[in-house]
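# Survey of secondary and tertiary structure
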Amino acid sequence: MPQRLKNFLASASLATLAVLFYAKVPYFQDHAGLNHQVGHSTWRTKDILLYLYYVYVGSLALFYLFEPYTGVSKSVCCWRALCKLLTAPMKTLRTGLTRDERLGLLTVMVKAFFAPMMVVFLAEHMARLFTNGAGLYSAMSTAETSVLAMFNAHGFWFALQAILLVDVAFFTIGYLVELPALKNEIRSVDPTLLGWLVALMCYPPLNDVVSSILGWRAEDFPQFDNPVVHVAMNMAILVLMGVYAAASASLNFKASNLTHRGIVSWGPYRFVRHPAYVCKNMAWWIGAIPTLSAALAVSALDGVMVAVSVIGWSVVYYLRAVTEEDHLRSVDGEYADYCQRVRFRFIPWVY
């Protein structure tokens, strides 16, 4: 069988298995049937995922048909690793997998987990962007509607969904597309259990488990009694989330978790090594202020418990930063050179 056909069949079959797996996951089942009204059209998350699946498999066929390089793909290596693990698990655990088989398996695991989820997020953000955009336009055409009311009802949410749409769009492309021409080939995937655990804790369904343990969930749009403070604080959240999305845009087609695809040193990454994590956590801390204030009004102990819960999430992201740096340093010297140029992890000129 020609290598091009082997590569295509391996990639297409793995994409099919990923979609079938997601169809059985409770989180996806809850979201799959959601209807998104955009103008006069209604989208279902399930339909969007299926359409993208057909487009993706068709694109794979075209890619492998015209691909100049006909070496063994990561998908083929993944199947080789799976066959070894299924047919001779004890022997494979003793002898291990080859480097290419291990990289292929881990790469497919990353893409299979994150890519369908990003498509779901992308569909939801797009639908909410259109919905709030329409609501904002309608409110602006009504002279009686106050600026504060428009901000609360649709303005904030329109801006936030636009920001999140940019972020998720780059990560969706990053997980689905890996091309030499884009210089985003996966060189390595974090092989450590801790690295995977702290990353998955930030995404469904594990983030719900962590939130229930910590007893606090991030508040996207906190409410403050003073209108000026309310607008100022939520505008600060939008600015922070804007920097967060700018970090994703700087990663460009290299955007993905748990992988080394080359180091990015422009955009927000010129100043600190983890701008996205810093900005997201700062936005969460602002969002926690009303809850923290309410808890302190009850008792100092309640306030401490809320603060500890928010700190817990910050610790998770600190561990993500540390495990990512350990992984990137272990691959080659490129990240060490970057750390020499950008000395600060989180706060410029501080730490």
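Refer to the structure printed above.
Notes on the structure follow. Keep in mind that what you see is a predicted model, and the values were worked out from it rather than measured.

### Regarding the packing of helix α6 (residues 99-140) against helix α7 (residues 147-176)
- The contact between α6 and α7 brings their axes to 7 Å, and the two run at 155°. Classed by the angle they form, the pair α6 and α7 counts as roughly antiparallel. In this structure, α6 meets α7 at a crossing whose hand is left-handed.
- Here the contact of α6 with α7 is built from residues that sort into 24 nonpolar, 8 polar and 2 charged.

### What to know about the side chain of lysine 111
- Assignment of secondary structure puts lysine 111 in helix α6.
- A residue is classified by how much of its surface remains accessible, and lysine 111, at 19% relative accessible area, is buried.
- Contacts of lysine 111, omitting those with residues within four sequence positions, involve Pro116, Tyr175, Glu178 and Ile186.

### Concerning a nonpolar patch on the surface
- On the surface, Trp285, Ile311, Val315, Tyr318, Leu319, Ile347, Trp349, Val350 and Tyr351 cluster together into a nonpolar patch covering about 900 Å² of accessible area.
- Here isoleucine 347 lies in the segment after α13 (334-341).

### So, the nonpolar core
- In this structure, Phe114, Met118, Met241 and Trp313 are the most contacted members of the largest nonpolar core, which totals 74 residues.
- When residues of this core are assigned to their parent elements, the largest contribution, 13 residues, is made by α6.
- If near-sequence neighbours (up to four positions away) are discounted, methionine 241 is found in contact with Leu160, Ile163, Leu164, Lys280 and Ala283.
- In terms of nonpolar packing, the next biggest core, distinct from the first, is built from 8 residues, Phe8, Ala12, Ala15 and Leu60 among them.

Calculation rules
- Residues numbered from 1 in each chain as written.
- Predicted model: local features only at pLDDT ≥ 70, side-chain atom pairs only at ≥ 80, totals over all residues.
- Heavy atoms only, no water.
- Axes fitted to C-alpha atoms, helices over the stretch in contact; angles between N-to-C directions.
- Helix = DSSP H or I, 4+ residues; strand = E, 2+ residues; numbered from the N terminus.
- Parallel < 35°, antiparallel > 145°, perpendicular 65-115°, else oblique.
- Left-handed = near helix turned anticlockwise from the far one by under 90°.
- Nonpolar A, V, L, I, M, F, W, Y, C, P; charged D, E, K, R; others polar.
- Buried < 20%, exposed > 50% of the residue type's maximum accessible area, 1.4 Å probe, protein only.
- Contact = heavy atoms within 4.5 Å.
- Patch = residues over 30% accessible without salt bridge, like charges linked within 9 Å, V, L, I, M, F, W, Y side chains within 5 Å.
- Areas by Shrake-Rupley, 256 points an atom, 1.4 Å probe, with all protein chains shown as cover.
- Salt bridge = Lys/Arg side-chain N within 4 Å of Asp/Glu carboxyl O.
- Core = buried A, V, L, I, M, F, W, Y, C linked by side-chain atoms within 4.5 Å.

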